[in-house]
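# Remarks on the overall topology
So the chains spell out like this:
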Number of protein chains: 2
Amino acid sequence: MSVGLSAPGILHPIKGIKLASCHSGIKKDATVDDLVLMELDEKSAVAAVFTTNKFCAAPVTVAKSHLESVETIRYLLINSGNANAGTGNEGILNSVKTCIAVAEKTGLSECSILPFSTGVIGAQLPLEKITSAIPGLLSNLSETNWMAAARGIMTTDTLPKAVSKQLKINKKTVTITGICKGSGMIKPDMATMLAYVATDAQIDQEELDNCLNRVVNTSFNSITVDGDTSTNDACLLIATGGSGQVVDSKNVEFMSMLNEVFSQLAKSIIRDGEGATKFIEIQVEQAATVDDARELAYTIAHSPLVKTALFASDANWGRILAAIGRADISELDIDRVDLYLDEVCLVEKGLPHKDYTEQKGSAVMQQQDILIKVNLNIGEQSATIWTTDLSYDYVKINAEYRS
Amino acid sequence: MSVGLSAPGILHPIKGIKLASCHSGIKKDATVDDLVLMELDEKSAVAAVFTTNKFCAAPVTVAKSHLESVETIRYLLINSGNANAGTGNEGILNSVKTCIAVAEKTGLSECSILPFSTGVIGAQLPLEKITSAIPGLLSNLSETNWMAAARGIMTTDTLPKAVSKQLKINKKTVTITGICKGSGMIKPDMATMLAYVATDAQIDQEELDNCLNRVVNTSFNSITVDGDTSTNDACLLIATGGSGQVVDSKNVEFMSMLNEVFSQLAKSIIRDGEGATKFIEIQVEQAATVDDARELAYTIAHSPLVKTALFASDANWGRILAAIGRADISELDIDRVDLYLDEVCLVEKGLPHKDYTEQKGSAVMQQQDILIKVNLNIGEQSATIWTTDLSYDYVKINAEYRS
């Protein structure tokens with residue numbers, strides 16, 4: 001079940017990136033892929049952010065170490081079906097060995113390969129299955145395999161997630177294509193999912209880091225399903241320079257397109273949220289600080305009482321006000337708070353709006369996409385996040401995951 | 001549905017306290033009570049803590065104001081079925097008017113009456129129903145009506161909640177009897193429930209405040225169902241002095257009995273948690289600070305992924321470690337963490353224990369009462385909290401509350 005999520009459209013190739021995917025045997029179902037290899041042109045720059053969870057998986061530790069020790073990343077090796085988390089030193093060694101397997105076949109240092117894993121926690125990687133699949137992946141690399149890669153990194157996702165956009169800068173066509181996976185345990189701070197976004201623009205390392213940090217905050221760091229965070233997750237931005245067009249983080253057109261790609265990918269994860277029946281946007285306006293605006297939005301988004309009311313299509317503004325009232329923010333005056341569902345004003349200055357009727361609220365609540373807007377009328381800062389409701393299916397999916 | 005919750009045993013009267021309850025018409029069902037009056041002897045001392053939610057209900061505002069303005073509280077007037085929250089100035093006035101109605105019939109100042117409400121948010125109190133019921137309540141006051149009062153304050157509770165204990169101090173019998181209500185929206189910081197505990201010990205005001213603050217932290221402030229907090233809730237400790245025995249917060253026997261009464265009441269709320277199928281105790285040991293221990297325990301307790309695994313009787317230690325890894329605490333070394341379910345060691349120094357089998361974990365998970373014990377092996381502080389799992393019924397109850 002997903003909420004208004006559709007299959008990706010055309011995915012434009014990125015000059016300088018080749019991909020291959022296959023079924024290596026990690027997943028039981030032989031009809032689905034579980035191993036993806038991405039080859040990056042040697043002129044590519046790579047920016048990355050990782051989970052902040054202190055219980056982080058072996059591939060996160062290895063990937064961070066490799067990024068620090070070499071200038072040029074040439075391959076990304078991504079497996080689904082096994083998270084290689086909670087696997088101790090053996091897990092670290094296994095993750096390094098998968099990189100060595102690629103290095104041996106390509107004549108590179110293993111540090112120029114970054115490993116990624118997603119799936120079940122606590123089981124060792126089936127190393128032999130992975131290493132024996134690598135020659136086949138290397139011989140099948142192609143610029144046109146983005147969709148197969150999007151499928152190959154899926155776990156509980158109901159659909160592959162990918163976005164591709166182009167625009168002309170100085171008469172040159174610049175392309176951005178990205179894929180991601182994730183449908184539960186979605187929370188900010190990159191503790192969330194796997195995402196690989198590439199552009200053929202030429203961007204130097206420092207500017208690429210700036211670009212990623214900027215857009216990740218208003219996309220993957222602005223979504224939440226249940227407040228839980230994962231052990232494995234990572235978001236990469238790759239610039240190959242294949243278009244010959246140099247850009248930086250001050251280029252408004254480029255940054256707008258990049259933000260659009262990241263936001264669409266992030267929202268696609270929420271639309272595929274575990275057991276989601278509603279797609280909820282929460283806007284907090286006129287807060288004293290951005291941190292206040294975000295904290296308040298997340299307090300509403302994580303409230304099980306608000307989430308179950310959303311599932312029930314019940315415009316229960318009392319639960320939303322109660323969540324606002326307990327948010328740990330620096331400035332709040334309940335008597336100034338305005339609350340809207342889409343354009344319907346439920347609460348004005350902390351009290352039910354005089355023209356509000358349950359019929360008006362219920363009409364909005366019947367929709368699949370709902371906007372909850374809170375105006376604190378106290379400052380000038382705002383924030384927007386996206387989340388889901390809490391349904392029977394959320395409990396079912398998460399209670400029966402391993403059975 | 002409740003988890004191992006049984007009806008209260010004998011409730012000893014407290015000399016100096018009389019109670020009455022009735023059906024005033026706030027609730028639709030005429031067979032259940034919805035209004036309770038407690039009369040306190042004029043020598044009584046009263047200590048109180050209230051919700052910290054900034055969106056607090058009218059009776060909370062009024063009760064706090066009355067407590068500040070008079071020395072002696074003589075009556076508590078508690079209605080169920082209507083929270084008088086989100087009701088603005090009219091709600092404040094209505095709350096005051098219920099106190100005036102008691103004051104007029106008793107010749108007291110309205111400030112010596114404390115109002116309390118619990119129930120639906122956003123509707124004005126049916127003032128006439130309440131005020132016209134007061135003469136009947138005043139004429140039915142009795143020392144033996146504790147159980148009826150426990151029933152009269154119920155909302156979604158499946159059973160009345162009450163505890164009564166006695167011990168001899170200096171050959172005098174000292175009694176503590178308490179009632180409470182609450183089955184959802186249970187969170188620390190008194191944003192949780194209504195509780196009224198009385199003793200016939202004689203305790204001066206300052207010492208009574210000390211007693212309440214001490215025991216409330218290890219009882220009502222150590223339980224959580226869903227992290228949400230309510231707008232109305234309050235906890236009162238009343239000392240009538242009726243036994244003639246003077247005690248203070250340094251009296252170990254008395255404090256032990258008081259703590260036992262508070263803990264049993266708090267646990268009864270968790271055992272009646274909305275949709276609960278398991279009663280979970282979370283102990284965090286050897287943390288750097290008490291705040292760390294409590295924060296970590298709450299992060300585990302609020303994780304929907306941990307809660308759904310508990311519902312599924314799945315010993316999913318990966319989800320518990322992931323919750324530990326994201327807890328916002330001052331000191332954590334995942335490689336030192338030990339994790340137990342009851343006496344079964346799942347994780348030792350951050351890795352699966354060598355003798356652990358899923359069979360051992362599953363055996364504990366089948367139980368109705370489960371202990372999750374985390375040893376951080378980093379400091380000397382500890383904390384214990386109580387919570388529930390997250391079931392289909394939690395979603396059902398909270399999604400269909402108003403329908």
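Our focus in this paragraph is the overall build of chain A. Of the regular secondary structure elements, chain A holds 11 helices and 15 strands. Taken over the C-alpha trace, chain A has a radius of gyration of 22 Å; the compact-globule value for 403 residues is 22 Å, and the two agree within 12%. Expressed as lengths along the three principal axes of its C-alpha atoms, the size of chain A is roughly 70 × 55 × 35 Å. By the burial criterion, 57% of the 403 residues in chain A qualify as buried.

Turning to the sheet that holds strand E3 (residues 45-50) of chain B, a few remarks are in order. Residues and elements named next belong to chain B. The strand order E3-E9-E8-E7-E6 describes an open sheet built from five strands, whose pairing is mixed. With partners counted over all chains shown, the strands left at the sheet margins are E3 and strand E6 (161-169), one partner each. Across this sheet, the average inter-strand angle for adjacent strands is 10°, counted without regard to direction. Bridging between strand E7 (residues 172-181) and strand E8 (residues 194-199) involves six bridges; their strand directions are antiparallel. Residue lysine 181 lies in a different strand from E8, and its bridge partner there is leucine 194.

Time to look at the packing of helix H11 (residues 392-399) of chain A against helix H8 (residues 304-311) of chain B. Between two packed helices, what matters for the description is the angle formed by their axes and the separation of those axes. Interaxial distance between H11(A) and H8(B) falls to 8 Å at its minimum, and their mutual angle equals 75°. Viewed along their axes, H11(A) and H8(B) adopt a mutual orientation that is roughly perpendicular. Where H11(A) approaches H8(B), its residues Val395(A), Asn398(A) and Ala399(A) are matched on the opposing element by Pro304(B), Leu305(B), Thr308(B) and Phe311(B). Here the contact of H11(A) with H8(B) is built from residues that sort into five nonpolar, two polar and no charged.

Across the boundary between the two partners, chain B contributes 42 residues, which contact 44 residues of chain A. Within the residue set of the side of chain B that touches chain A, elements represented by two or more residues are H8, helix H9 (317-326), strand E13 (351-352) and helix H11 (392-399) of chain B. The element that contributes the greatest number of residues to the side of chain B that touches chain A is H9(B), accounting for seven residues.

The next subject is the environment of Lys54(B). Within the fold, Lys54(B) resides in the loop between E3 and helix H1 (58-69). Note: C-alpha distance between Lys54(B) and Thr231(B) (177 residues apart in sequence) is 7.8 Å.

Right, let's get into the pairing of strand E4 (residues 75-82) of chain B. Residue and element names in this part refer to chain B. Most of E4 is tucked away, with eight of its eight residues classed as buried. For strand E2 (residues 35-40) and E4, the ladder comprises five bridges, and the chain directions are antiparallel. Bridge assignment links leucine 37 to a residue of E4, and that residue is leucine 77.

Right, let's talk about the relation of the copies chain B and chain A for a bit. Between the two copies of the chain lies a rotation about an axis combined with a shift along it. In the superposition of chain B on chain A (RMSD 0.0 Å, axial shift 0.0 Å), the rotation amounts to 180°. Taken together, the turn and the small shift mark the pair as related by a two-fold rotation axis. When C-alpha positions in chain B are compared against the rotation axis, the closest is assigned to Tyr392(B), at 2.8 Å. With an isologous cut-off of 70% or more, the 100% of interface residues of chain B that recur at the interface of chain A puts this contact in the isologous class.

Residues and elements named next belong to chain A. If you walk across this open sheet you meet the six strands as E13-E12-E11-E14-E10-E15, and the pairing is mixed. The open sheet has two edge strands, strand E13 (351-352) and strand E15 (381-388), and neither has a second partner. Bridging between strand E10 (residues 279-287) and strand E14 (residues 369-375) involves seven bridges; their strand directions are parallel. What sits directly across from glutamate 285, in E14, is asparagine 375.

Turning to the domain arrangement of chain A, a few remarks are in order. Residue and element names in this part refer to chain A. Per the domain assignment, the segments making up chain A are domain 1 (17-271) and domain 2 (279-399). Its C-alpha centre places domain 1 at a distance of 33 Å from the equivalent point of domain 2. On the side of domain 2, 10 residues touch domain 1, which itself brings nine residues to the contact. Here the residues of the side of domain 1 that touches domain 2 sort into three nonpolar, four polar and two charged.

A separate point is the confidence of the model for chain A. Residues and elements named next belong to chain A. Per-residue confidence for chain A gives a mean pLDDT of 92, with 95% of residues at or over 70. Below pLDDT 50 for its whole length, residues 186-192 participates in 40 contacts with residues either more than four positions away or in separate chains. Across the interfaces of the predicted complex, the ipTM metric reaches 0.76, alongside a pTM of 0.83.

Residue and element names in this part refer to chain A. Taking 1.5 Å per residue as the helical rise, helix H7 (residues 290-302) with its 13 residues ought to reach 18 Å, and the 18 Å between its terminal C-alpha atoms agrees with that figure. For H7, a buried count of 10 out of 13 residues is recorded, marking the element as mostly surrounded by other parts of the structure. Of all the positions in H7, only Asp292, Ala293, Arg294, Leu296, Ala297, Tyr298, Thr299, Ile300, Ala301 and His302 are classed as buried. Those residues of H7 that are buried are in contact with E10, helix H8 (304-311), helix H9 (317-326), E14 and E15.

Next up on the list: unusual backbone geometry. Residues and elements named next belong to chain A. The phi torsion at glutamine 286 lies on the positive side, around 55°, for a residue other than glycine. For glutamine 286, the position within the fold is in strand E10. One non-glycine residue, asparagine 377, lies in positive phi territory at about 50°. Mapped onto the fold, asparagine 377 is located in the loop between E14 and E15.

Residue and element names in this part refer to chain B. Between helix H7 (residues 290-302) and H9, the shortest axis-to-axis distance is 9 Å and the interhelical angle comes to 135°. Compared by their axis directions, H7 and H9 come out oblique. As H7 packs across H9, the resulting crossing turns out to be right-handed. For the pair H7 and H9, contact is made by Leu296, Thr299 and Ile300 and by Ile320, Ala323, Ile324 and Arg326, respectively. Partitioning the contact of H7 with H9 into residue classes produces five nonpolar, one polar and one charged.

Moving on, we come to the environment of Val70(A). With respect to the secondary-structure elements, Val70(A) resides in the loop between helix H1 (58-69) and strand E4 (75-82). Here the alpha-carbon distance between Val70(A) and Gly152(A), two residues 82 residues apart in the chain, equals 27 Å.

Residues and elements named next belong to chain A. Looking at where leucine 37 falls in the secondary structure, it is placed in strand E2 (residues 35-40). Residue classification places leucine 37 among the buried positions, given that 25 C-beta atoms sit within 10 Å. Put simply, leucine 37 and glycine 91 are 54 residues apart on the chain and 20 Å apart in space, counted from C-alpha to C-alpha. Apart from the residues lying within four places of it in its own chain, the contact partners of leucine 37 are Leu19, Ala20, Tyr75, Leu77, Leu137, Leu138 and Leu141.

Definitions and cut-offs
Residues numbered from 1 in each chain as written. Chains lettered and ligands numbered in written order. Predicted model: local features only at pLDDT ≥ 70, side-chain atom pairs only at ≥ 80, totals over all residues. Helix = DSSP H or I, 4+ residues; strand = E, 2+ residues; numbered from the N terminus. Rg over C-alpha atoms; globule rule 2.2 N^0.38 Å. Buried ≥ 20, exposed ≤ 12 C-beta atoms within 10 Å, placed from the backbone. Pairing = 2+ DSSP bridges. Axes fitted to C-alpha atoms, helices over the stretch in contact; angles between N-to-C directions. Parallel < 35°, antiparallel > 145°, perpendicular 65-115°, else oblique. Contact = placed C-beta atoms within 7 Å. Nonpolar A, V, L, I, M, F, W, Y, C, P; charged D, E, K, R; others polar. Least-squares fit on C-alpha atoms with pLDDT ≥ 70 in both. Domains from an automatic or database assignment. pLDDT = per-residue confidence, 0-100. Expected span 1.5 Å × (residues − 1). Left-handed = near helix turned anticlockwise from the far one by under 90°.

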